[in-house]
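Reading the structure
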Amino acid sequence: MTPRRAGWIAGAAAAALVAAGGITYAVAGDDGASRIPTADSADAGFARDMAVHHQQAVEMSYIVRDRTDDEEVRRLAYDIAQTQANQRGMMIGWLDLWGLPKVSSDPPMTWMGMGDMPSAGEGSLMPGMATDAEMEKLGTLSGRQAEVYYLQLMTEHHKGGVHMAEGCAEKCTVGVEKRLAQGMVESQESELRLMADLLAERGAKPPA
């Protein structure tokens, strides 16, 4: 791995470590605030939706780790799975601490004013999420084909995740959650650049 790539992955890992104390700060009343977000707030909506978004990224990453022997792709997939599983746990933990439901009767992305957006297909609940058919296809591929398809799917997934995280950074009111969202933007943008390089090395391009 080149030093540049190592730096990107190290940066993403550092962001996850910084965020690891999030629940503690939330319990204490982050930034001196003791207000509990409401169920229809951006804070709750982001936590619910991004937890679902992250879960698919974790599943996708573990699928490709079983479908290729390429150490660089396997390392990236492992890092994404571990980071996003950690963050997902924090967001679900916040909902528990706030006494708020983990599911909502409102459509996904309502907190961003996008509750009426069309779906890309079954299983694609939010921007960037893969469809059930795409997830099934990933599980049938192996070697370089699996690597390319994973990198393309995860590129779209990260673009959607960045868009959502930018929305929370703007709309959320809980300081620790806003910082987590901003950390997601920075780490996933770094990973997007890395994935573009990995696709180029394989003679492929990111999705248009």
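The shown structure was predicted, so the numbers you read here are calculated from the model rather than taken from an experiment.

The next point concerns the overall build of the protein. A tally of helices and strands in the protein yields seven helices and zero strands. Contacts spanning at least 24 positions in sequence make up 76% of the contacts within the protein whose residues lie at least 6 apart. Looking at the protein as shown, the accessible area adds up to about 9,800 Å², and 53% of this sits on carbon and sulfur atoms.

Enumeration according to the criterion identifies one disulfide in this entry. Between the sulfur atoms of Cys168 and its disulfide partner Cys172 the distance amounts to 2.2 Å. As the torsion about the S-S bond is roughly -120°, the Cys168-Cys172 disulfide counts as left-handed. For the pair Cys168 and Cys172, a shared accessibility class is recorded, and that class is buried.

Let us now look at the environment of Tyr78. Its location among the elements puts Tyr78 in helix α4 (residues 71-98). Judged by relative accessible area, which is 38%, Tyr78 ranks as partly exposed. Remark: the alpha-carbon pair of Tyr78 and Tyr62, spanning 16 residues in sequence, is separated by 7.3 Å.

Moving on, we get to the packing of aromatic side chains. Under the counting rule described, the total for this entry stands at two aromatic pairs. With a centroid separation of 5.7 Å and 80° between ring planes, the pair formed by Phe46 and Trp111 is classed as edge-to-face. Taken together, the residues Phe46 in helix α3 (residues 42-65) and Trp111 in the loop between α4 and α5 (132-138) connect sequence positions 65 residues apart. Here the two residues Phe46 and Trp111 agree in accessibility, since each one is buried. Taken together, a centroid distance of 6.3 Å and an interplanar angle of 25° make the contact between Trp94 and Trp98 stacked. Taken together, the residues Trp94 and Trp98, both in helix α4 and four residues apart, mark about one turn of the helix. Seen from the ring of Tyr149, Lys137 lies directly overhead, with NZ or CZ sitting 4.5 Å from the centre.

What follows concerns the environment of Arg179. Its place among the elements puts Arg179 in helix α7 (residues 175-201). With a relative accessible area of 46%, Arg179 lands in the partly exposed category. Placed 14 residues apart in sequence, Arg179 and Ala165 show a C-alpha to C-alpha distance of 9.8 Å.

About the criteria used
Residues numbered from 1 in each chain as written. Predicted model: local features only at pLDDT ≥ 70, side-chain atom pairs only at ≥ 80, totals over all residues. Heavy atoms only, no water. Helix = DSSP H or I, 4+ residues; strand = E, 2+ residues; numbered from the N terminus. Contact = heavy atoms within 4.5 Å. Areas by Shrake-Rupley, 256 points an atom, 1.4 Å probe, with all protein chains shown as cover. Disulfide = S-S within 2.5 Å. Buried < 20%, exposed > 50% of the residue type's maximum accessible area, 1.4 Å probe, protein only. Phe/Tyr/Trp six-rings, centres within 6.5 Å; stacked < 30°, edge-to-face > 60°. Lys NZ or Arg CZ within 6 Å of the ring centre and 35° of its normal.

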